[in-house]
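Read off the chains here:
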Amino acid sequence: MEIKVLRVGQLQTNCYLIWDKETSDCFIIDPGDDADFITTEILNQKLKPKAILLTHGHFDHCLACLELKLNFNIPIYLNQKDNFLYQNSAKSANHWTTSGALKQPATSPIPDDLKLGSEEIKVISTPGHTPGSVCFYSAPNLFTGDTLFAEGIGRSDHSYSSSADLKKSLDSLAKMPLDTIIYPGHEESAVPMNILSID
Ligand SMILES: [Zn+2]
C-alpha cells in the first residue's frame, strides 16, 4: 500500500491518500479541507479514487467531501453514529474557522469488506473522542483519526464524548502488533506504535 499525507485546512488535519500500486485504486481518508489541493495530488499521481473514508464526523476531517464527491462521484463512508456531527460540520466549521463551508453530501455506512487491491482494510471501532470514531487498519498501518496521536490521546471533553469508552478503545489498540505504524489525524504521522505509551 502506498501512503501520502496531505496537511489540509486551518486546523492542519492529516488527510491521507492510500492506494494500491498495481491498480492505482485509491481511498481518501479524512479530507478535512482544501479540495483543490487534494484533487491536484490525485490527478498528479494518476490515482483512481474509489471512496472517502472518515475516521469520525468532526468538521476538520470532512470539509472537502462535497467537492471531492462532485469531482470523482465516490461514496463517503462514515460510522453512522457520527452522522449527527457530520451533518452539523459545515455549521461548526463556520463557527470555528473562516471556511465558508457548504452543506454536506450524504454518507453511507462503512462496508464490512473494505479492500484496496488485494489488501483488506479492517475497520476497528474506537469510540470515545466521538461515539462513531473508527480506526482503519491494513497491517502494519493504522489510521487513528483523533483517537490516538504521536504525542497524546484524543479529547474526550465534548458532551457526546466518553473518556471511559476512549480508555477501552486505547486498551484495544495497545494490544495490536508491535510493528504497527500509526497515522494520526493531526501532527506527526508514520509513528511506530511501540514507542508510544498508551495510558
Ligand atoms: Zn475530532
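Asks: Describe the pairing of strand β13 (residues 181-184), listing the residues and the values that go with them.
Replies: As paired elements, strand β10 (residues 141-145) and β13 share 4 bridges and run parallel to each other. When the sheet's bridge partners are listed, Gly-145 is paired in β13 with Pro-184. Sheet analysis places β13 next to strand β14 (residues 191-192), joined by 2 bridges and oriented antiparallel. For Ile-182, the partnering residue across the bridge sits in β14 and is Val-191. The hairpin turn running from β13 into β14, its antiparallel successor, is 6 residues long, and Glu-187 in that turn takes a positive phi close to 60°.

Asks: Requested: an account of the sheet that holds β13, with residues and values cited.
Replies: Spatial strand order, β8-β9-β10-β13-β14: 5 strands in an open sheet with mixed pairing. With one partner strand each, in any of the chains shown, β8 (122-125) and β14 form the two edges of the open sheet. Sheet topology places β8 next to strand β9 (residues 134-138); 4 bridges connect them, and they run antiparallel. Within β9, the position partnered with Val-123 by the bridge is Phe-136.

Asks: Residues and numbers for the pairing of strand β2 (residues 13-19), please.
Replies: Two faces make up the sheet, and in a regular strand the side chains alternate between them. The element β2 is largely enclosed, with a buried count of 7 among its 7 residues. Alternating residues of β2 divide into Thr-13, Cys-15, Leu-17 and Trp-19 and Asn-14, Tyr-16 and Ile-18, and every residue in both groups is buried. Two strands pair when backbone bridges link them, and strand β1 (residues 2-8) and β2 are joined in this way by 7 bridges, in the antiparallel orientation. Its bridge partner lying in β2, Val-8 is registered against Thr-13. As defined by bridge partners, β2 adjoins strand β3 (residues 25-29) across 4 bridges and the pair is classed as antiparallel.

Asks: Just give me the short version of the nonpolar core, but keep the residues and values in it.
Replies: Formed by 46 residues in total, the largest nonpolar core has its most connected members in Ile-28, Ile-29 and Ile-52. Tallying contributions element by element places β2 first for this core, with 5 residues. What Ile-52 contacts, discounting residues up to four positions off in sequence, is Ile-28, Pro-31, Cys-65, Leu-68, Ile-74, Ile-76 and Tyr-77.

Asks: Outline helix α2 (residues 65-72), supporting the account with residue identities and numerical values.
Replies: Burial in α2 covers these residues: Cys-65, Leu-68 and Lys-69. Relative to the axis of α2, the buried residues are bounded by an arc of 100° and lie together on one face. Looking at the packing, one finds that the buried side of α2 touches β3, α1 (35-44), β4 (48-53) and β5 (76-77). Backbone geometry just after α2 places Asn-73 at a positive phi near 50°.

Asks: Provide a residue-level description of the packing of α1 against α2, including the pertinent values.
Replies: The N-to-C vectors of α1 and α2 enclose an angle of 35°; their axes lie 9 Å apart at closest approach. α2 is crossed by α1, and the crossing has right-handed handedness. When α1 is examined against α2, the residues Ala-35, Ile-38 and Thr-39 are found in contact with a partner set consisting of Glu-67, Leu-68 and Asn-71. When the residues that make up the contact of α1 with α2 are grouped by side-chain class, the tally is 3 nonpolar, 2 polar and 1 charged.

Asks: Kindly report on the sheet that holds β5, identifying the contributing residues and their values.
Replies: Spatially, 5 strands are ordered β1-β2-β3-β4-β5 in an open sheet, and the strand pairing comes out mixed. The sheet terminates laterally at β1 and β5, the two strands that pair on one side only. Strand direction decides the pairing type here: β4 and β5, joined by 2 bridges, are parallel. Looking at β5, one finds that Ile-52 is bridged to Ile-76. Contacts from α1 reach β1, β2, β3 and β4 within the one sheet, and its direction differs from that of β1 by about 155°. Contacting β3, β4 and β5, α2 runs over the sheet at an angle of about 150° to β4.

What counts and how
Residues numbered from 1 in each chain as written. Predicted model: local features only at pLDDT ≥ 70, side-chain atom pairs only at ≥ 80, totals over all residues. Pairing = 2+ DSSP bridges. Helix = DSSP H or I, 4+ residues; strand = E, 2+ residues; numbered from the N terminus. Buried ≥ 20, exposed ≤ 12 C-beta atoms within 10 Å, placed from the backbone. Core = buried A, V, L, I, M, F, W, Y, C linked by C-beta atoms within 7 Å. Contact = placed C-beta atoms within 7 Å. Arc of directions from axis to C-beta. Axes fitted to C-alpha atoms, helices over the stretch in contact; angles between N-to-C directions. Left-handed = near helix turned anticlockwise from the far one by under 90°. Nonpolar A, V, L, I, M, F, W, Y, C, P; charged D, E, K, R; others polar.

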